[in-house]
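These are the residues of each chain, in order.
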Amino acid sequence: MRTTNGFPRGFLWGAATSAYQIEGSPLADGAGPSNWHRFTRTRGLVENDENGDVACDHYNRYRDDVALLRDLGLNAYRFSISWSRVVPEGRGKVNQKGLDFYRRLVGELAAAGIAPFVTLFHWDLPAALDDRGGWLNRDIADWFAEYARILFRALDGPVSMWTTLNEPWVVTDGGHLHGKLAPGHRSLFEAPLAAHNLLRAHAAAVTAYRAEGKHKIGLVVNLEPKYPASGEPEDAAATARADAYMNRQYLDPVFLGRNPPEMKEIFGEAWPRFPAADFDRIRQPIDFLGVNYYTRSVTRYDPAAWPLRASRVDQPRSTHTETGWEVFPEGLLDTLLWVKSRYGDVPLYVTENGAAFYDAPTVENGRVEDPLRVSYLRTHIGAALEAIRRGVDLRGYCVWSLLDNFEWSHGYSKRFGIVHVDYETLARTPKESARFYADVVRTNGASLAGPPASLATKLNERKRSPKGRSAPRRRGP
């Protein structure tokens with residue numbers, strides 16, 4: 001049942017993090033190295049040659065961080081498990097001290113009345129498995145299922161929300177096609193194999209959970225709506241390729257049992273012929289889908305842009321984050337509506353949504369003013385509420401991120417947190433965005449009963465004038 005104002009009763013309000021980005025102590029208490037531990041050891045791959053050795057020291061300060069979640073009034077915490085902390089070699093012997101860390105974390109959350117929302121894999125693959133081919137080895141589906149069973153048997157019960165993978169597109173695109181993320185490969189032939197094996201691993205873990213678990217399991221993908229830069233056929237085709245590559249490549253197999261037809265066009269001779277039986281396994285019911293949303297792409301045909309022949313068109317009149325992403329809350333609404341339209345009424349969660357803006361390294365007078373982040377959250381949470389009003393079965397929202405943290409190849413240069421972290425002292429200070437978010441949570445969004453004025457105005461303009469824009473806001477096919 002829905003509330004008169006705001007979000008449905010029982011709506012999940014959370015914050016999200018990932019293991020390598022916040023835990024630190026990557027080799028403590030018998031843990032094994034991950035491919036990200038290895039990647040950061042190669043000079044020049046990460047800004048300032050930084051790494052996750054300390055990060056936010058969450059491994060030692062998790063009780064303080066759970067207290068932050070409690071003080072903000074959140075009812076969920078989305079975090080990931082470090083595979084190599086629990087199974088140092090990726091297979092075989094379990095590291096009980098590593099597993100016990102997550103038992104303690106889950107217990108602390110339960111004592112605070114906060115639901116654990118657990119991700120099995122958030123990009124940090126055990127280095128020992130990377131040495132055996134990682135996501136290019138078909139056997140990794142079985143390896144992942146073995147690892148998942150360990151966690152299900154240890155934590156299912158206190159954990160009732162599981163996700164298999166976080167953003168497989170990033171692992172494939174950044175790690176295997178463009179080489180900017182671990183494992184740092186750049187191969188047109190590797191990318192489709194990695195993408196397919198990630199989905200096979202997802203399916204194997206879901207199968208394992210149906211035998212072992214009693215609650216819910218899903219998948220998390222990052223979706224970026226693509227809008228053609230013009231009405232020209234070449235821009236429309238480029239938009240379709242970009243949409244297929246980033247969005248439909250990871251959802252069509254799960255929900256429709258097939259790959260988008262554009263994938264063969266994108267990869268050419270590098271596109272493999274996958275066994276039909278794989279899609280029978282990949283296409284099995286999941287209990288929910290997690291959507292990570294940050295920005296959109298206005299897309300144009302670009303013959304020099306390898307391999308999509310499509311590139312992003314800058315929007316100079318828009319606000320942009322420190323990562324160069326356009327702030328576009330309407331894209332979240334469009335994305336949620338598109339998922340419903342294409343794949344049906346699958347229960348949805350916004351599992352990541354947030355922005356990096358400049359915050360001073362140190363805190364003065366005990367406050368961190370971050371008005372741009374407050375505005376970002378206000379408009380995007382408003383877009384989520386509008387999606388519910390339009391019939392989307394949206395059941396929760398997690399802000400990215402709870403803490404400023406190690407931002408992958410950006411090192412510590414980009415701050416996404418609603419809680420400021422002083423990287424010298426590791427002191428935590430809630431920002432104004434944290435106070436804003438806490439108020440939204442306290443009222444269950446009642447203060448956002450109508451879309452923010454700026455968003456409402458834009459939505460009304462779109463209804464009145466669907467044509468004649470320089471960047472038509474229409475979803476790719």
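Residues numbered from 1 in each chain as written. Predicted model: local features only at pLDDT ≥ 70, side-chain atom pairs only at ≥ 80, totals over all residues. Heavy atoms only, no water.

(A) Region of interest: the overall build of the chain. Within the chain one finds 16 helices and 13 strands. Against the compact-globule benchmark of 23 Å for 477 residues, the chain has a radius of gyration of 21 Å, which places it among compact chains. Reported as C-alpha extents along the three principal axes, the dimensions of the chain are approximately 60 × 60 × 45 Å. Expressed as a percentage of the 477 residues in the chain, the buried residues total 62%. When contacts within the chain are restricted to residue pairs at least 6 apart in sequence, those whose partners lie at least 24 apart make up 78%. With the model as given, the accessible surface of the chain reaches about 18300 Å², and the carbon-plus-sulfur share is 49%. (Helix = DSSP H or I, 4+ residues; strand = E, 2+ residues; numbered from the N terminus. Rg over C-alpha atoms; globule rule 2.2 N^0.38 Å. Buried < 20%, exposed > 50% of the residue type's maximum accessible area, 1.4 Å probe, protein only. Contact = heavy atoms within 4.5 Å. Areas by Shrake-Rupley, 256 points an atom, 1.4 Å probe, with all protein chains shown as cover.)

(B) Main features of the sheet that holds strand β10 (residues 348–352). Taken together, the eight strands give a closed barrel; going around it, the order is β1-β2-β3-β4-β5-β7-β10-β11, and neighbouring strands pair in parallel fashion. Within the sheet, the average angular offset between the axes of one strand and its neighbour, ignoring direction, is 25°. Taken together, the four bridges between strand β7 (residues 288–292) and β10 define a ladder with parallel strand orientation. From the neighbouring strand, V291 faces β10, where its bridge partner is V350. In the packing of helix α7 (residues 140–155) onto the sheet, contacts are made with β3 (115–121), β4 (161–166) and β5 (216–222), and the angle to β3 comes to roughly 160°. (Pairing = 2+ DSSP bridges. Axes fitted to C-alpha atoms, helices over the stretch in contact; angles between N-to-C directions.)

(C) How the structure looks around the packing of helix α5 (residues 96–111) against α7. Axis separation between α5 and α7 bottoms out at 11 Å; the angle between their running directions is 40°. What the angle tells us is that α5 and α7 run oblique. Seen along the crossing, α5 lies across α7 with a hand that is right-handed. Seen from α5, the contacting residues are L99, Y102, R103 and V106; seen from α7, they are I150, L151, A154 and L155. (Parallel < 35°, antiparallel > 145°, perpendicular 65-115°, else oblique. Left-handed = near helix turned anticlockwise from the far one by under 90°.)

(D) Expanded view of the sheet that holds strand β8 (residues 297–301). Pairing is mixed across the open sheet formed by three strands, whose spatial order is β6-β8-β9. Either end of the sheet is taken by a strand with one partner, and the two such strands are β6 (226–228) and β9 (310–312). With direction set aside, neighbouring strand axes in the sheet form an average angle of 45°. Relative to β9, β8 is paired through three bridges, and the arrangement is antiparallel. The residue bridging T299 from the neighbouring strand is R312, located in β9. Across the sheet, helix α10 (residues 233–256) is in contact with β6, β8 and β9; its angle to β8 comes to roughly 125°.

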